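Chain residues, written in single-letter form:
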Amino acid sequence: MKETRIRRLVFSLALTILAAAGFAFGQARSGNIYGRVVAEDGSALPGVSVTLTGFGAPQTFTSDSRGDFRFLNLAPGDTYSMRFDMSGFSTVERKSVAVTLGNNTDVRVAMKLSKVEATVTVSGEAPLLDTRKVGTGAVITRAEMDAIPSARDPWVVMQSVPGVQMDRINVGGNQSGQQSVFIAKGAQTTQGTWNLDGVTVSDMASGASSPTYWDFDSFQELQAVTGGSDPSIATAGVTLNMVTKRGTNDVHGSARTFITDPAFQAKPTFTQEERNQAAAGTTGGNFVGNKITGIQDYGLEIGGPVVRDRVWLWGSYGRQQIDLLTVFGYPDRTTLEDINGKLNVQAFDSNAITVFYLRGDKRKQGRNAAVDRPPETTYNQSGPTTLTKIEDNHVFSPSFVADAFYSYMDEGFKLLGAGGTGPQVFQDTNAIYHNSFAQQVFGRPQHQALGSANYFFNTGSLGHEIKGGFSYRDAPVRNETFWPGGEIIAFQGPRPGTSGSGACNVDCAAITRRSNRRVDVKYYSGYLSDTITADRLTMSLGLRYDYQTGAVQTSFAPANPIYPNILPDASAPALEDVVKWKDFSPRVGATYAFGANRRTLARFSYARYANQLGAYPVNQLSAIPGVAYAYYAWTDANGNNRVDSGELDTSSLLKPPINFNPASPGSPTSPHSINPNLKSQKTDEIVVGFDHELMPNFAVGGAYTYRNYKDFYFSYRSIGGAIPTYTFDHNNTGTLPNGASFSVPIFAIEGAVPPGNYFTARPNYTQVYSGAELTFTKRLSSGWMMRGNLAYNNTKQKVGPGACVDPTNGLYSSGEDSVPGACEDGGIVAPNAGGGSGSFGQVNLNSRWSFNVSGAYQLPLAFTIAANYFGREGYPIAYYVIDNASRDKLSRRAYVTAIDADRYGWVSQFDLRLEKSIPLTSSIAASLAVDFFNVLNLNTVLQRNARLKQGSLSTGTNTITETQAPRILRFSGRLNF
């Protein structure tokens, strides 16, 4: 304990010192310009005065002994200008220099000797290739966001990045009211990172998801990083950097209105299977296919100077109303409201201060509406997220630049069952819920302080850029959940032709005790790197350190109100450092530029990543690890589908308990335990690639990525780590939808079933990813732009001895992801998207190929036509059974075929836009546009019920639960000034 206090004191002192010195951390929130000035003979020109104008105040740099100059931490944009002055030489002006997020613009200028004053204007664009970049991913500029037809949210943008796979297909915004689950290059869904203006805003309680929803017009630029990352990026997952706009010396802004009306929505062409399903009907709803009933998106953003060259202000307001019908005709209504504000202050030339504020609110009715969740059992969601950041950037000298920021994010929201707190929840034999659902309240505040610095020096012909950084983030998590109706849930067992709800093999009920989980996860990180430039060769050497720790906080849960003798009060004491991960992660990269004009670039990188710690499994070490469930046999004597007095047989548990120890149900100790030496999962990555600029503003590239994932953790029923004995119990047999028979072995624990789980390293288990991508990018020039990619992905698992404590081929869900086919050696890895963000529990993310092409072309008379075409292989349909018949009475999910034995049909979507620009004055223009989404009106099946041995045509095996929404038109108007 003393050592822990000393370590924290050292970290706190280091943070204070760095912040006082003005350091900042490396999440991408800006871009850089690097360059060199040479004479006509190619020799370096030191002492050239380089002046940069554009956003903010003018900046001046004097070229060094190698002729090098640099401007760091620049807001993305394409309106920068540069002026090069030196006595005896002609002045050179460079116009329309573009800076993109997370990238480095390379500017090389040759100056001529001149006896008279003269100015030479250079109009050529800076090259697209970034000689300091070794990673993979994509940058999406504001011009692309405005021109290309899309659903206007970051998830849809990520779908256009090579290798990124999403759990849903968004047609014209029909999925923008709920977050998408995504992966890339085999990384876990929990390892994505969301950064807004440099602040890590990932929600660590829900798999590192986004903490809010976004005003699409507030973004200046977006960058998605999928691999080859430098030490400033922690994980192997997708890192999304979002940068908002800012005020400049010119008053600028926009106002917009987007209207999507169901009157312009095509009717889907149902297959015979869909017509049969529609005719069969369901409990409370009929198959109608996914539909939009109305979407409105409007907003305003404006920025400008308060004091020219010193103080600038920008702000925005956006609102979206997204109303849908699910595939079974259930309503889903979402309201998204966003406010952004940014104040930039340049008190003196070497110092800049930024203050940023965000408030994002989501109000939703009908969350999780699905065949098994009719309207009264859906969630009503409410609650805003706010973010405040203050940043200070300081230029100590031309060779030393640093800044620091602190941020506070307050994320809190509620998920309340639409049926209220009175009715008792009932799940029928078809696994359909009725009456209401659980009530949940979340609190997820985050404090963050970050810092880094850039220091430049030369050693002979070599240039060095030293980067160093430190980060501290505190992310406590609070979650309260209880079930309505006396905290009892009734489950109907199997009936003829059904396999039952899945809870028990007879009618049963769960007596529950509410959860009140409170944990705190802290992150301390630091990195150091050196980027070495030697003419055509650029090398980077870096090392990252992460120290992550999770603690349990004090909490209390009252007894079940009807059965306090079974589930009494529970108190959870505070526990320090129940999980501690310490990791060093080396990073190495190199690029080499070929050709006289350096238009071809070869690149290589090696990186190790350590997974980021979430609220799980820390929360499992609390004495209140979640809702407690005690299952007992139920006899519905009066047939009212409700547990009434005297109908429960509480003499013995019908199945093993969940989240409590029946020998001591009020124990201050968790029934779960953990290996104190548990380590984080590691990823080793190699990326080899090339890029070539075919012509000015047009580049092509390719990359191959290899990843090895190791040090997974898992859990199994145990007390203190003792491995229970599993033996064969029975074969679960049946028939697949194609008529073939199946037989899957079910194993059971010998003797008493331990009340809790034990978390430890999963032995002899790894995952291997191998993939390639081709990309091409045409920057907007000569009236057209384009960006496209083709990607191949292949992730497989190696399952050795001991990797399956329970040999039943189930869902590996105790580690970083839920992966079907836990015991399938050599099988594909297809993470399950789950049902937490919408109803996508039958989606398993694994497409071996995908492509995306987008572009825009400016026509005569100020018309522009644009398009986006996306396609991917269909995801696996992983058929499984729910088995309750084993002698240990545990419910098990068992997969009956290889995970990729069956797949959905391949998915594609073609979207079009036609826009007309209308100049009003020299600085004000209006535009009118119409977008055509799903032009081909495809009705691709995206989800089926993959649970076997369910007979109902409308709710049973192979029931279609998600389809691609039909073609629809969106009309918009915009005013730019």
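Residues numbered from 1 in each chain as written. Predicted model: local features only at pLDDT ≥ 70, side-chain atom pairs only at ≥ 80, totals over all residues. Heavy atoms only, no water.

Caption draft 1: Structural context of the pairing of strand β45 (residues 757-761). Pairing between strand β39 (residues 673-674) and β45: two bridges, direction parallel. Bridge pairing links Ser673 to Tyr758 in β45. In this structure, strand β42 (residues 713-717) lies alongside β45, joined through five bridges in antiparallel fashion. By the bridge assignment, Tyr716 is partnered in β45 with Tyr758. (Pairing = 2+ DSSP bridges. Helix = DSSP H or I, 4+ residues; strand = E, 2+ residues; numbered from the N terminus.)

Caption draft 2: How the structure looks around the pattern of salt bridges. Overall, the coordinates contain 56 salt bridges when judged by the stated rule. A salt bridge links Asp203 to Arg444, with the shortest nitrogen-to-oxygen separation between them at 2.4 Å. A residue pair is termed long-range when its members are at least 10 positions apart, and Asp203 in the loop between β13 (199-200) and β14 (219-227) and Arg444 in the loop between β26 (439-443) and β27 (446-459) qualify at 241 residues. Both residues of the pair, Asp203 and Arg444, belong to the buried class. Among the charged side chains, a salt-bridge network with shared partners connects Arg142, Asp146, Arg152, Asp215, Asp217, Arg256, Asp297 and Arg974. (Salt bridge = Lys/Arg side-chain N within 4 Å of Asp/Glu carboxyl O. Buried < 20%, exposed > 50% of the residue type's maximum accessible area, 1.4 Å probe, protein only.)

Caption draft 3: Expanded view of the sheet that holds strand β15 (residues 239-244). Across the sheet, five strands lie side by side as β9-β14-β15-β12-β13; this open sheet has mixed pairing. Two strands bound the open sheet, and with one partner strand each, they are β9 (136-141) and β13. As paired strands, β9 and β14 are joined by six bridges and run antiparallel to one another. Looking across to β14, one finds that Gly137 is bridged to Val225.

Caption draft 4: Seen up close, the layout of surface pockets. The space that makes up the second largest pocket amounts to roughly 940 Å³. Lining the second largest pocket are 39 residues, with Gln59, Leu72, Asn73, Ala352 and Asn393 sitting closest to its centre. Of all elements in the fold, only β3 (59-62), β4 (68-74), β15, β19 (331-348), β20 (351-367), β22 (384-397) and β23 (400-417) reach the threshold of two or more residues within the lining of the second largest pocket. In the lining of the second largest pocket, the residues fall into 16 nonpolar, 14 polar and nine charged. (1 Å grid on protein atoms, 1.4 Å probe; cavity = no way out; pocket = protein on both sides within 12 Å on 5 of 7 lines; lining within 4 Å. Points joined across faces, edges and corners; volume = space filled by probe spheres on them. Nonpolar A, V, L, I, M, F, W, Y, C, P; charged D, E, K, R; others polar.)

Caption draft 5: Quick look at the confidence of the model for the protein. Per-residue pLDDT for the protein has a mean of 91; in total, 95% of the residues score no lower than 70. Ignoring residues within four places in sequence, the model shows residues 1-26, a span with pLDDT below 50, making 52 contacts including any to other chains. (pLDDT = per-residue confidence, 0-100. Contact = heavy atoms within 4.5 Å.)

Caption draft 6: Representation of the packing of aromatic side chains within the structure. In total, this model carries 40 aromatic pairs according to the counting rule given. Their ring planes at 85 degrees and their centres at 6.2 Å tell us that Phe216 and Phe219 sit as a pair that is edge-to-face. Comparing Phe216 with Phe219, the two get one shared label, buried. With a centroid separation of 4.8 Å and an interplanar angle of 45 degrees, the aromatic rings of Tyr545 and Phe584 are classed as tilted. Pair noted here: Tyr545 is in strand β32 (residues 537-552) and Phe584 is in strand β35 (residues 575-594), with a separation of 39 residues, a long-range link. Given a relative accessible area of 23%, Tyr545 falls into the partly exposed group. By relative accessible area, Phe584 is classed as exposed at 55%. Pairwise contacts between aromatic rings join Trp155, Phe182, Trp194, Tyr213, Trp214, Phe216 and Phe219 into one cluster. (Phe/Tyr/Trp six-rings, centres within 6.5 Å; stacked < 30°, edge-to-face > 60°.)

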